[in-house]
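# Descriptive structure summary
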Amino acid sequence: MGWVTEHAPIASEVNTCIQCGLCLPSCPTFRLTGRETASPRGRLTAMAAVVDGFPVDQSFADIMGSCLQCRACEVVCPAFVPFGKTMEAARVEVSAQHHTRGRGVRRLLVGRALRSRRLLRLSALGAWVVQRGRLWFLVPKQLRGGLRGMRRIDARASSIAGTNRSSIGPPRGVAAVLSGCVMDSWFSGVHEATIEVLARAGYDVVVPNAQTCCGALAAHDGWADDARAMAEINVSAFEDADVVVVNSAGCGAHLKEYEHWADEGARVAAVTRDITEVVADAINSRYLPVVDATGGSVAIQDPCHLRHAQRIIEQPRTVLEAAGLTVVEIDVAGQCCGAAGLYSILEPELSGQLGAAKAAQVVAAGQSVVASANPGCEMQLRSHLADQVRVAHPVELYLEALQEAGL
Ligand code: SF4
Ligand code: SF4
């Protein structure tokens, strides 16, 4: 039958693979399973086979579905195969051609529910009740592990959408912040730190009310129409922004590729920056201070969508060092923690193995705090570390250090 949608993998990109196998040692699912079909090369071979008549059936869906979309393969590929984009395209075909159980619920969740601030607020209140009353038995088993990794919900926190905050000191630009979906309802502390640090860095901060979820989860799960609709809304909302600041690595990576998802998406993509990029620049340019070394230290975890998709490695380290902390590496290769959007629900076994391995790296580093700049990674780390180690965003740690130093 071949491909049936306009979003299908592009043959010239799939065929760019020269089958060299250099990506295999970097691929977490290949390392765990040893299966060629769980490797980047195997997945590309399966995509090429569809053009030759291989059906988009359960077997094809499984081969695509076991991919974390971590993009570790992209970084090492000598042929520059755009694997992330190609995998998103293959997932669109799976959604269009192979109708599995639970498909409608998945679409409702990532394509629709994440757009609703009201539903997200309700989810936060529900999680608050569960956390306060320790009512974990009320949560479906598949969600329990992930939800145990949630921060303590602040029931009083409201959406940051509509916020206008003036710069502290002479303004040097306007920063528009992506409020996001779960970031807005479950991670209010990261948003508060982001806005405060941006104001201290000399930005007037705005959070356009008309924005919505970035659409990354919908795109990763193959719901192209929903992902496109969300991208179009955000492109309009950020029409006048000089810089769009994102404090979730997964969302930032997606906005930086909006040229694939919205007619005017390239403009927003060009001005999108991760918060650690903006803060590190402000530190290097002396718009933000450096705290004297405190003698403290912090472990660092690199989210795949920061390290592999956005190629941001130094900036979070700069931010943590400016907080007076010594940064302790846990994994120089930056292997995926296994959270990966819906992966912990859809592929619990592989996700659990990767999460346990990442938690073991953190514990081996011997630190009481680990910094992570992505909500999914943060939840995965916390659910595997329990209360052994605090997990926080680098910008939260930087702001705490400024406040403790009286700066
Ligand atoms: S490294 Fe790139 S070219 Fe080589 S097998 Fe992997 S995807 Fe193909
Ligand atoms: S995106 Fe990650 S899991 Fe998927 S093939 Fe590439 S390295 Fe493997």
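Keep in mind it's a predicted model, so treat the numbers as computed, not measured.

This brings us to the domain arrangement of the chain. On domain assignment, one finds that the chain holds domain 1 (11-97) and domain 2 (290-404). With 13 residues of domain 1 in contact, the opposing surface of domain 2 contributes 12 residues. For the side of domain 1 that touches domain 2, the per-class residue count stands at 6 nonpolar, 5 polar and 2 charged.

What follows covers the sheet that holds strand β4 (residues 243-246). Reading across from one edge, β1-β3-β2-β4-β5 is the order of the 5 strands in this open sheet, with mixed pairing throughout. Looking along the sheet, the strands with just one partner apiece sit at the ends: β1 (164-165) and β5 (272-274). In this fold helix α16 (residues 275-284) packs onto β4 and β5, with an angle of close to 80 degrees to the strand it touches most, β5.

With that settled, consider the site of ligand 1. Around ligand 1, the surrounding shell holds 14 residues, and the nearest of these are C17, C20, C23, C77 and A79. Residues belonging to the shell around ligand 1 are distributed by class as follows: 11 nonpolar, 2 polar and 1 charged.

For the rest of this paragraph, the subject is the site of ligand 2. Near ligand 2, the surroundings consist of 14 residues, among which C27, P40, C67, C70 and C73 are the closest. Contributing elements (two or more residues each) for the shell around ligand 2: α2 (28-33), α3 (40-51) and α5 (72-76). Here the residues of the shell around ligand 2 sort into 9 nonpolar, 3 polar and 2 charged.

Let us now look at the pairing of strand β6 (residues 297-300). Bridging between β6 and strand β7 (residues 326-329) involves 4 bridges; their strand directions are parallel. Each bridged residue has a counterpart across the sheet, and for A299 the counterpart in β7 is V328. Here β6 pairs with strand β8 (residues 369-371) via 2 bridges, running parallel. Within β8, the residue paired with I300 across the bridge is A371.

Conventions and cut-offs
Residues numbered from 1 in each chain as written. Chains lettered and ligands numbered in written order. Predicted model: local features only at pLDDT ≥ 70, side-chain atom pairs only at ≥ 80, totals over all residues. Domains from an automatic or database assignment. Contact = placed C-beta atoms within 7 Å. Nonpolar A, V, L, I, M, F, W, Y, C, P; charged D, E, K, R; others polar. Pairing = 2+ DSSP bridges. Helix = DSSP H or I, 4+ residues; strand = E, 2+ residues; numbered from the N terminus. Axes fitted to C-alpha atoms, helices over the stretch in contact; angles between N-to-C directions. Near = placed C-beta within 6 Å.

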